[in-house]
Amino acid sequence: MQGLDRYAYVNNNPLVYTDSSGHFAWLPVIVAAGAVIGAVVNYSAQVYSNYQSNGGNLGAALTTNIDLAAIGKSALAGAAVGLTVAVAAPVAIAAAGDVLAGTGLLLGSTELFGAGMAAYGAATAVENALLGVSTEVAASETTALAKYDPEFAARQLIDGDTIPVSNLEAMTPADVPNTFVPSSTIQEGYKYQFDINGVPVELKWHSPDLNAYRLYGSSSYSGTRWTAQIKIGDRLLGLDRMFYLKQQGNLTHIPIEWR
Amino acid sequence: MIDYKKLPDYLSPDELRRYFEDILRQIETQPEVDQSYIIDALWELADRQWHTYTLIAPDLAERIEAFIEGVWVQLCDRQDSHLVGKVLSIIGNLGLKRSYEMIKKFSGRYHSQTGQRIDEFIQQVEVLDNGKIEDPYYSLKKNK
């Protein structure tokens, strides 16, 4: 699935890696390709017509009686088709994704909702690629996330089924202190509270919670491993990259990975 | 005034009870105290209560529900979706069934971010928690 991921170019990890050479805008390439295809189709048709009418002389068919104006018009038509497809397809996919997500919400289906959001995200990624819009965040720029929707930024922390701790560290501004207070049940941890564009953000990750382990055993992520809880405004990030208004056990206690 | 955000992440049920009683006393005796401050305090305490893996005492729950029921309509009318979201979180993390039944009546009433928050919360409780709002640990028990 990496080919469809908007962060494939940074190994699916935009908070850590960057595309130092910048994004490439694909829209002009698609338009140019449409123009070339249009021109080639028209030229080929003219060569074929010449070949049929000049008794099978291919050399003459290739160079004589060629209407350059017609080739130009065909190139323009090809460019227009390329532009239309490139612009219309992502818009149509995004609209379909939106409808699917809405239907999922209405029916109470997280699968439909997730599929709709995925389609919407993929269409947006295609649009960004077409226009060469860069969405990467450099690890060294601790304020870079302020340029983005913090919920969007938080979703990018998750890599598969875990959050690499390096992503959490990259999202934490350097001047924010760790305010985690160890306790008898959670012995070690980190907690950082700061704002992004006026939205309160809390990043917290800590060692296994002995209370959770005592009550829920190995079925509790929080009780058996280091987990992160990410609060953006009034909601918690879930492992499925959705946001939740209440604690949802393993869904909102996301395992972290030390790399 | 206490900055509840800066309280330790783990507080024992007894310590939490003292904090809840302190803020509830303010609610009940000082109606002029800023609602945002009260809701932020309850939001922080409710999150810590969840992490004790024990249910809040019924007498405290009763007093918190009375507060929520008293401010709910006014909060919704203010269209402050984040504050409404925090109240929903308090209801969810503490398992306040009576308040949940009340807010369900507001589903579809607001066509705004506030309305979206209410509908989103109801969807999450109904789909992920099978409607069992009274058990804040339903999702953990599901995996056990």
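Thresholds applied
- Residues numbered from 1 in each chain as written.
- Chains lettered and ligands numbered in written order.
- Predicted model: local features only at pLDDT ≥ 70, side-chain atom pairs only at ≥ 80, totals over all residues.
- Helix = DSSP H or I, 4+ residues; strand = E, 2+ residues; numbered from the N terminus.
- Buried ≥ 20, exposed ≤ 12 C-beta atoms within 10 Å, placed from the backbone.
- Contact = placed C-beta atoms within 7 Å.
- Pairing = 2+ DSSP bridges.
- Nonpolar A, V, L, I, M, F, W, Y, C, P; charged D, E, K, R; others polar.
- Expected span 1.5 Å × (residues − 1).
- Bend = angle between axes of the 7 residues up to and from the residue.
- Axes fitted to C-alpha atoms, helices over the stretch in contact; angles between N-to-C directions.
- Parallel < 35°, antiparallel > 145°, perpendicular 65-115°, else oblique.
- Left-handed = near helix turned anticlockwise from the far one by under 90°.

Draft legend 1. Here's a closer look at the overall build of chain A. Secondary structure summary: chain A contains eight helices and seven strands in total. When burial is assessed residue by residue, chain A has 30% of its 259 residues classed as buried. At a minimum sequence separation of 6, the contacts of chain A that also span at least 24 residues come to 54%.

Draft legend 2. Region of the structure containing the pairing of strand β7 (residues 254-257) of chain A. All names here are of chain A. Residues Ile-254 and Ile-256 line the buried face of β7, whereas the alternating positions Pro-255 and Glu-257 sit on a face that is not buried. Where strand β1 (residues 163-164) lies against β7, two bridges are found, and the strand directions are parallel. Paired with Ile-163 across the strands is Ile-256, a residue of β7.

Draft legend 3. Seen up close, the interface of chain B and chain A. Chain B puts 27 residues into the contact, and the matching count from chain A is 28 residues. Those elements that provide at least two residues to the side of chain B that touches chain A are α4 (81-94), α6 (113-128) and α7 (138-143) of chain B. Here the residues of the side of chain B that touches chain A sort into 10 nonpolar, 10 polar and seven charged.

Draft legend 4. Representation of helix α3 (residues 58-78) of chain B in the model. All names here are of chain B. An ideal rise of 1.5 Å per residue puts 30 Å on 21 residues; α3 measures up with 30 Å between its terminal C-alpha atoms. Bending of α3 peaks at approximately 45° at the position of Val-71. Taken together, the buried positions of α3 are Ala-61, Ile-64, Phe-67, Ile-68, Leu-75 and Cys-76. Elements that come into contact with the buried residues of α3 comprise α1 (13-29), α2 (35-50), α4, α5 (97-104) and α6.

Draft legend 5. Layout of the packing of α4(B) against α6(B). Residue and element names in this part refer to chain B. Where α4 meets α6, the closest approach of the two axes is 8 Å, and the angle between their N-to-C directions is 20°. With respect to α6, the element α4 is oriented roughly parallel. In the packing of α4 onto α6, the handedness of the crossing is right-handed. Contacts between α4 and α6 involve Ser-81, Val-84, Gly-85, Leu-88 and Gly-92 from the first element and Gln-113, Thr-114, Arg-117, Ile-118, Phe-121 and Val-125 from the second.

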